[in-house]
Amino acid sequence: MKFKRIFTYILTLTICVILFSCGLFPTPTPTPAPVPTTEGPPAAMPVSETVEASLTPSPTEITPEPEQATVSPIIATAQPAAPPHFSAGEIIPLDYIHMLNTTEGWGISGPYILTTGDGGKSWREVTPPEPLPAGSTAKAYGAFPDEQTAWIVYGIDRSSPPDPSYAYFQIPPEASVWSTTDRGQTWTASAPLFHNMYGDTTWAEFAAVDSTTGWMMIRGVYVGAGTHYVAELFQTVDGESWDTLDGDVGVDYTGMVFADADSGWLTWQTTGAYASAPPEYAVTDDGGFNWETRDLPPPDDAPGLFDQYEYCEPYQPNLLSAKSVRLLVACFDYHNPPKDYVSY
């Protein structure tokens, strides 16, 4: 019986080899992945001297629709910028301008991203190909480390129906961060963030030290027996992928700055029920993985200042180096708006 089983196994294996040799079991041929175009954005467009840009695309220029990028489980593929959203001569309000020097800079207009290379005299639209829900409005939040690099994440208006007079934007948990390293000609979407922030409104704040190292804080606020704040901190070390850090603190941040890849500061306000306290700040020396909370001292010429006011809070930290910082501290009473206040 044992010999018979061995003989049957050998016979079966021999038949399988013959079938493969004869091509009876064909090997599937892989289908080549589509290659996204890399055509650049439209030519530069003039802008007025105010914060309203007038876009004037070339009448002969044809901007192709962005192709669907092929995304592998490991490496995301760059996609061309979205087609222009503005017609020739249209006046556009600029919500935010970030100038890197006297000529190079970036701008945000709602969900649209623009760049300038001549000090704001002309602008070029280089918006990421974000697939927005039909009928929705969106807002872009971004960071611009240099003239070639930008990081953008989108918030969606959740008012129903969209109401410009009462719009509240939320960053979806599955949102991605778009990155560009070629001045917005192409964009790469990160893996979904899957953040845990919630609230009536959520938004993003960035800090960057170079084209590959930066931080993004997803923040949220909601009202229920007082005003409550939540936040989750993310970090990138390659300019494309974002990892969450253990920095979730329920405070209202007023500043986040980093001097280098390791050294950073956080400031926050303490206004609110049961929240009055001397001003605090936090420092990190490991890139945001761990934070140490410290008290700010009162000014030398007013040592009893913190005892005179219900609230004293730091704002607007500006790092001069890893060990040197300037910031504003404001002290005020509990009235809204305050009736008595001082700052230093």
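Data block above holds the structure.
As the structure is a prediction and not an experimental result, all values here were calculated from the model. (Residues numbered from 1 in each chain as written. Predicted model: local features only at pLDDT ≥ 70, side-chain atom pairs only at ≥ 80, totals over all residues. Heavy atoms only, no water.)

Observations regarding the pattern of salt bridges
Part 1 of the argument: Taken as a whole, this structure holds 4 salt bridges when the rule is applied.
Part 2 of the argument: A salt bridge links Glu 104 to Arg 183, with the shortest nitrogen-to-oxygen separation between them at 2.7 Å. Of this pair, Glu 104 sits in the loop between strand E5 (96-99) and strand E6 (105-109) while Arg 183 sits in the loop between strand E12 (178-180) and strand E13 (186-189), placing them 79 residues apart in sequence. Each member of the pair Glu 104 and Arg 183 is classed as buried.
Part 3 of the argument: In this structure, the salt-bridge partner of Asp 252 is Arg 219, at a minimum N-O distance of 2.4 Å. Taken as a pair, Asp 252 in strand E18 (residues 252-258) and Arg 219 in strand E15 (residues 214-223) lie far apart in primary sequence, 33 residues in all. Considered together, Asp 252 and Arg 219 belong to a single accessibility category, that of buried residues.
Part 4 of the argument: Put simply, Glu 205, Arg 219 and Asp 252 are held in one network by salt bridges that share partners. (Salt bridge = Lys/Arg side-chain N within 4 Å of Asp/Glu carboxyl O. Helix = DSSP H or I, 4+ residues; strand = E, 2+ residues; numbered from the N terminus. Buried < 20%, exposed > 50% of the residue type's maximum accessible area, 1.4 Å probe, protein only.)

Details of the side chain of Thr 236
Part 1 of the argument: Tracing the sequence through the fold places Thr 236 in strand E16 (residues 227-236).
Part 2 of the argument: Its relative accessible area of 0% is what places Thr 236 among the buried residues.
Part 3 of the argument: From its side chain, Thr 236 meets the backbone nitrogen of Gly 239 in a polar contact 2.9 Å long.
Part 4 of the argument: Within the local environment of Thr 236, its side chain forms a polar contact with the backbone nitrogen of Glu 240, the two atoms lying 3.5 Å apart.
Part 5 of the argument: For Thr 236, the contacting residues outside a window of four places in its chain are Trp 151, Thr 212, Thr 213, Gly 214, Ser 241 and Trp 242. (Polar contact = N/O pair within 3.5 Å; in protein donor to acceptor, adjacent residues only side chain to side chain. Contact = heavy atoms within 4.5 Å.)

Purely spatial values, then, with no claim about function.
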